[in-house]
Amino acid sequence: MEVQVISRETTKPFSPTPHHLKTFKISVIDKLVPSSFVPFFCFYSPNQTKNLQNLHQCLKESLSKSLTIFYPFAGRVNDDLTIDCNDDGVLYTTARVSSKMVDLLANPQPKIELFYHFMPPLPPFCPNQPDRPSQIAIQVNEFACGGIAICVCFNHLFIDFATISMFVKCWSEIATNDGYIGTNIGIYPAVSLFPQGSEEPMPAGLLLAAQYTLLREGRGTIRRFVFEGSAISKLKEKAKSERVPNPTRVEAVTCFLWKHLMAVSTVIWGSKQPSVLRHAVNLRKQMMPKMLSEFSIGNIIWTAVALYHNITTDKVAEVDRELVRLVRESIADIKEKFVPKLLSNGGYETIRESLEESKETCSDKNLNPYTFSSWCTSGIPDTNFGWGKPAWVSLMGGADVDSSYNNIVIMMDGQTSDAIEAWVTLDKREMAVLEHDPNFLAFASPNPTISI
């Protein structure tokens, strides 16, 4: 397979950013998130795209209008507190792929280890701008069969997945003249809710603890596992208890994965260890309706922390129910305790106190740490630029990663509406055990084929 880059150019906002909006402050939560570029891919089948005309003109014009609304995305990181909204634009790359899409996705299974070929260069420097990268980058890949794969990369420094999802929704609806045509929509900066606390900067020790306390040593690898709706129904039934009579599909899959990840760790390292699970929680959904605009920009997330100490029991049913209870209660604490305190006492102090508690909770070096994030119900699978919804939305897998990204699970909606895809980053030795665990594979399908 050959991927030939046809063009790299800069797409700038349709209208200039007003002077009073030229500086965008990031929030105290943004400062806790390491700057990294996160890619995802929308694959559109040849049947959807074979008769398209003026593809790139449509995408670039609508992208330009979207950047007028989401103007910080066209800016540059100025320092660790602000974005210079200078309208320098975003990187837009076009490429041709020599192979057919079916050979990549369904012959016999997706070659996820090749997806990096469909990404823009990282960091995404725009042409003639070699000093500071753009905050998002797009690469549109045209396959020999006529199929299209659009890769979107975003800087997690001040963009969470809910933010980029709303941006892509806006972009696609402008492309189809289906909404958000006006550029007078105001965005809501996360710093308004989570101020930086400039009078007393966040202690460096807390910032480091938030970023690095739960990292694991060693080389990792990324694999894709799919849980079909029938398997999830069984997992939900297994996880039911008096305290959690109605586990959600995300809770059921999360705790099934957590249980098996702990099990493979025991196989490799020779002993059971207590474990901590951190689950990213979208605070927009935990607050009063309409308290935050859907155009809120920033990492408006916090982490629910669940500790599992009962390493002596081997009763599977008890473990299933206990893990679901722990996850449910940890997320409930965000809504019932953290958010009210956040709104009443001020964001900076509440976040500082929460970090102190988390640092103490996770100080045990024997804890087995895992980080989960659910991108389910994001709306990305509904992205329609005028030729229908994507046949598949995916991440990138198969690649080796360093220890900074080990023990991470990202869950997404599957190709069918009731399925969940789990993209698991794990130590290579542990992954080899997980991929051959019959109890795990009874519910999870490793990287199944994609129907296009």
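Everything below is about the structure printed above this text.
Residues numbered from 1 in each chain as written. Predicted model: local features only at pLDDT ≥ 70, side-chain atom pairs only at ≥ 80, totals over all residues. Heavy atoms only, no water.

Novice: Requested: an account of empty space enclosed by the protein, with residues and values cited.
Specialist: Applying the stated criterion across every chain, the model contains two cavities of 30 Å³ or more. Counted as a void, the largest cavity has a volume near 60 Å³. Contributing to the lining of the largest cavity are Leu 235, Lys 238, Ala 239, Ala 252, Cys 255, Phe 256, Lys 259, Asp 320 and Val 324. For the lining of the largest cavity, the elements supplying multiple residues, two or more each, are helix H6 (229–239), helix H7 (249–269) and helix H8 (316–345). The element that contributes the greatest number of residues to the lining of the largest cavity is H7, accounting for four residues. (1 Å grid on protein atoms, 1.4 Å probe; cavity = no way out; pocket = protein on both sides within 12 Å on 5 of 7 lines; lining within 4 Å. Points joined across faces, edges and corners; volume = space filled by probe spheres on them. Helix = DSSP H or I, 4+ residues; strand = E, 2+ residues; numbered from the N terminus.)

Novice: Pulling in residues and values, what's your account of the sheet that holds strand S2 (residues 23–25)?
Specialist: The strand order across the open sheet formed by three strands is S2-S5-S4, and the pairing between neighbours is antiparallel. Two strands in the sheet have a free side with no partner beyond their single neighbour: S2 and strand S4 (76–77). Note that S4 and strand S5 (residues 82–84) share two bridges and pair antiparallel. In the strand pairing of S5, Val 77 is matched with Ile 83. (Pairing = 2+ DSSP bridges.)

Novice: Tell me about the sheet that holds strand S8 (residues 148–155), and please be specific about residues and values.
Specialist: Spatial strand order, S1-S6-S7-S8-S3-S15: six strands in an open sheet with mixed pairing. Of all the strands in the sheet, the pair left with one neighbour each is strand S1 (3–11) and strand S15 (392–394). Taking the axes of each pair of neighbouring strands and ignoring which way they run, one obtains an average angle of 15° across the sheet. (Axes fitted to C-alpha atoms, helices over the stretch in contact; angles between N-to-C directions.)

Novice: Any details on the packing of H6 against H7? Residues and values, ideally.
Specialist: Contact geometry for H6 and H7: axes closest at 9 Å, N-to-C directions at 80°. Taken together, H6 and H7 sit at an angle that is classed as roughly perpendicular. Between H6 and H7, the residues in contact are Ile 232, Leu 235 and Lys 236 and Arg 249, Ala 252, Val 253 and Phe 256, respectively. Residue composition of the contact of H6 with H7, grouped by class: five nonpolar, no polar and two charged. (Parallel < 35°, antiparallel > 145°, perpendicular 65-115°, else oblique. Contact = heavy atoms within 4.5 Å. Nonpolar A, V, L, I, M, F, W, Y, C, P; charged D, E, K, R; others polar.)

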